[in-house]
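# Survey of secondary and tertiary structure
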Amino acid sequence: MNLLDRILHKWLFRSLANQLLITYLLVITIALLAVSLWALVAIRKESLTDLQNTLEVEAVNLGLEIDNDLVLDSAQARKRIQSAVERRASKLGVAIVVVDKDGRLLSDSSPPLAGKNLSNEQEINEALAGVISNSTRSEPVSNTNWLYVAYPVRSMGETTGVIRVGVALTEIERRLQRDLIVFLEIIFATGLVTVLISLWLATRVNRPVKEMSALAKQISISGDFSAFLPVSRKDEIGELCLSFNQMIGRLREQERMRQEFIANASHELKTPTMAIGSVVEALQAGAAEDPKLRGQFLQSLERLADRLTSLIQDLLDISKLDSGAEASDQEAVSIAQLVSDAVEQVRGSADKKGVRLVFRNAEGQDASETEALPGAEVRVLGNFLQLLRAVTNILTNAINYTPAGGLVAVQAFTTTEAKVLVKISDTGVGIEPADLPHIFERFYRADKARTRETGGTGLGLAITREIIARHHGTVAVDSIVGKGSTFTIQLPVS
Ligand SMILES: Nc1ncnc2c1ncn2[C@@H]1O[C@H](COP(=O)(O)OP(=O)(O)OP(=O)(O)O)[C@@H](O)[C@H]1O
Ligand SMILES: [Mg+2]
């Protein structure tokens, strides 16, 4: 038991190849054994039937020869019977006995048992009753199996005696043994071929799996995503290698993005920090004495600190969104409430900049806030503060990238497919087509020179897209340089 356990756990369950091998071997051996057994049984039955027919014909012929002598019951008749029995027995190599109608032995081709009553032997007994009968049994004297056919000799409707022809089955059994050996040889050879084929197959399957596991191990130890698996096959294993490589590629890309993010974030943090350093230096160098300069420098210190705070808040938000933690407080958020609150938040900066903020209805006509926004029943399931953040980011951009005297219009309406759209259009600077696909990327800022004045970091839209995606929605942008841009948020209505 212990040994079996060890074999199973150390050798079999640790190796796919061995499991494959054992399965094939078992299936093939069992199948071949079953077929062989069936064949041997069929051959034996066929041979016995053949032999039985031969013995029967012989008995009938002998019966025709001796039926008169059986009735006569004289010494001379008995002699004739004996010589006929011996002649036929030696010619065919069989054993023949003849009994009279009472079952007493009349003649025997081998050592005489004269006078012995054989009527209690089954086949003779049955033949005495008038039917041809046969039986197979082991003879204790020679320890071999014998086949007997007993034939009743009849005269005028009466059984006058029985002829029993018997033959040892040694020949048939020897033949069956030879067949069995041939079958076993075939099974052994097939097993051997199976072992070879499945070893070959197993190594073919095993090699890439081993390579894959080695590479995975190497990656997990070194964190180095530079190596790929060779893909030389088109089967499932090849597909697995391909997916594995895709996974490595993705991990590599993520690692690149992570490093880029850290580099960008450090750079963005460094700029205001260094500026703060210079301002403080200037104040120390004497600017603090001049009330006008001091006021200016303190103001810029305040601006720089604000910028740092908002940047750090953005970084915290991004990392929170990245960590995948679901926003804990999910509620049915009213779209009207959401848009109205967002607009209120940015109204101050719009006024300050001289950008007009208006509402429009679904048809695009100017409307009052209550006319433009959908009813309170239009709600989306989600986190109010996150969604507010997403919308204000877009509104802030619209105001930031629109010169004074421009206009920002807000629309919110449902569509037939149970979606709600929030559209924010501006008459601002617009976005170059080359920048459009990138503006949702982290730290991406179009037209560096101009956007520097607005002081952003390029995280706003990345945060927006992340939040909207978490709410199973999408953000899209349309823009014409010099004319303006339209951002459209689409969310499923709950
Ligand atoms: N309404 C708009 N009109 C023109 N350009 C825009 C508009 N919205 C975004 N952009 C461009 O897309 C870039 C990315 O916007 P995003 O909001 O992500 O960053 P940001 O505004 O530069 O900085 P912040 O992280 O402070 O929001 C901006 O730098 C700007 O070039
Ligand atoms: Mg922005």
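Residues numbered from 1 in each chain as written. Chains lettered and ligands numbered in written order. Predicted model: local features only at pLDDT ≥ 70, side-chain atom pairs only at ≥ 80, totals over all residues. Heavy atoms only, no water.

## Quick notes on the pairing of strand S5 (residues 158-168)
Under the convention used in this document: Each residue is assigned to one of three classes by its accessible area relative to the maximum for its type, calculated with a 1.4 Å probe on protein chains only: buried under 20%, partly exposed between the two thresholds, exposed over 50%. A run of H or I in DSSP becomes a helix once it reaches four residues, and a run of E becomes a strand once it reaches two; helices and strands are each numbered from the N terminus. Only strands that DSSP links by at least two bridges are regarded as paired with each other.
S5 sits mainly inside the fold: 9 of its 11 residues count as buried. Pairing analysis gives 10 bridges linking strand S4 (residues 144-155) to S5, with the strands arranged antiparallel. Residue pairing in the sheet places Ser 155 in a bridge with Glu 158 of S5. Joining the antiparallel neighbours S4 and S5 is a turn of 2 residues, in which Met 156 adopts a positive phi near 50°.

## Let's talk about empty space enclosed by the protein
Our working rule: A 1.4 Å probe that fits but cannot get out identifies a cavity on a 1 Å grid over protein atoms alone, an open set with protein on both sides within 12 Å along at least five of seven lines counts as a pocket, and a residue lines either if it has an atom within 4 Å of a point. Grid points are joined across faces, edges and corners, and a volume is the space filled by probe spheres set on the points.
Across all of its chains, the model carries 1 cavity of 30 Å³ or more by this definition. Here the largest cavity is characterised by a volume of approximately 40 Å³. Residue lining of the largest cavity: Asp 69, Leu 70, Asp 73, Ser 74, Ala 77, Arg 78, Ile 81 and Leu 106, and that is the complete set. Of all the elements in the fold, those that place two or more residues in the lining of the largest cavity are helix H2 (16-72) and helix H3 (75-92). Tallying contributions element by element places H3 first for the lining of the largest cavity, with 3 residues.

## A short note on the domain arrangement of the chain
Here is the rule we go by: Boundaries between domains were set according to an automatic or database domain assignment. Note on contacts: a residue pair qualifies if any of its non-hydrogen atoms lie within 4.5 Å across the two residues. Summed over both partners, the accessible surface that disappears when two parts come together, traced with a 1.4 Å probe, is what is meant by buried area. The salt bridge criterion pairs a side-chain nitrogen of Lys or Arg with a carboxyl oxygen of Asp or Glu, the two atoms within 4 Å. Two N or O atoms form a polar contact when they lie within 3.5 Å of each other; inside protein one atom must be a possible hydrogen donor and the other a possible acceptor, and for residues adjacent in sequence the pair counts only when both atoms belong to side chains. Under this grouping Gly is polar, as are all residues other than the nonpolar Ala, Val, Leu, Ile, Met, Phe, Trp, Tyr, Cys and Pro and the charged Asp, Glu, Lys and Arg.
According to the domain assignment, the chain contains domain 1 (14-174), domain 2 (225-323) and domain 3 (326-492). Here the C-alpha centroids of domain 2 and domain 3 sit 24 Å apart. Each partner contributes to the interface: domain 2 provides 13 residues, whereas domain 3 provides 13 residues. Overall, the association of domain 2 and domain 3 removes approximately 1,200 Å² of surface from exposure, summing both partners, and the carbon and sulfur fraction of that is 62%. At the surface where domain 2 touches domain 3, the tally comes to 3 salt bridges. Residues Arg 389 and Asp 317 are paired through a salt bridge, measuring 1.8 Å at the closest nitrogen-oxygen approach. Counting across the domain 2 and domain 3 interface gives 4 residue pairs in polar contact (both at pLDDT 80 or more). Elements represented by at least two residues in the side of domain 2 that touches domain 3 include exactly helix H6 (236-284) and helix H7 (291-322). The element best represented in the side of domain 2 that touches domain 3 is H7, accounting for 9 residues. The class makeup of the residues in the side of domain 2 that touches domain 3 is 6 nonpolar, 1 polar and 6 charged.

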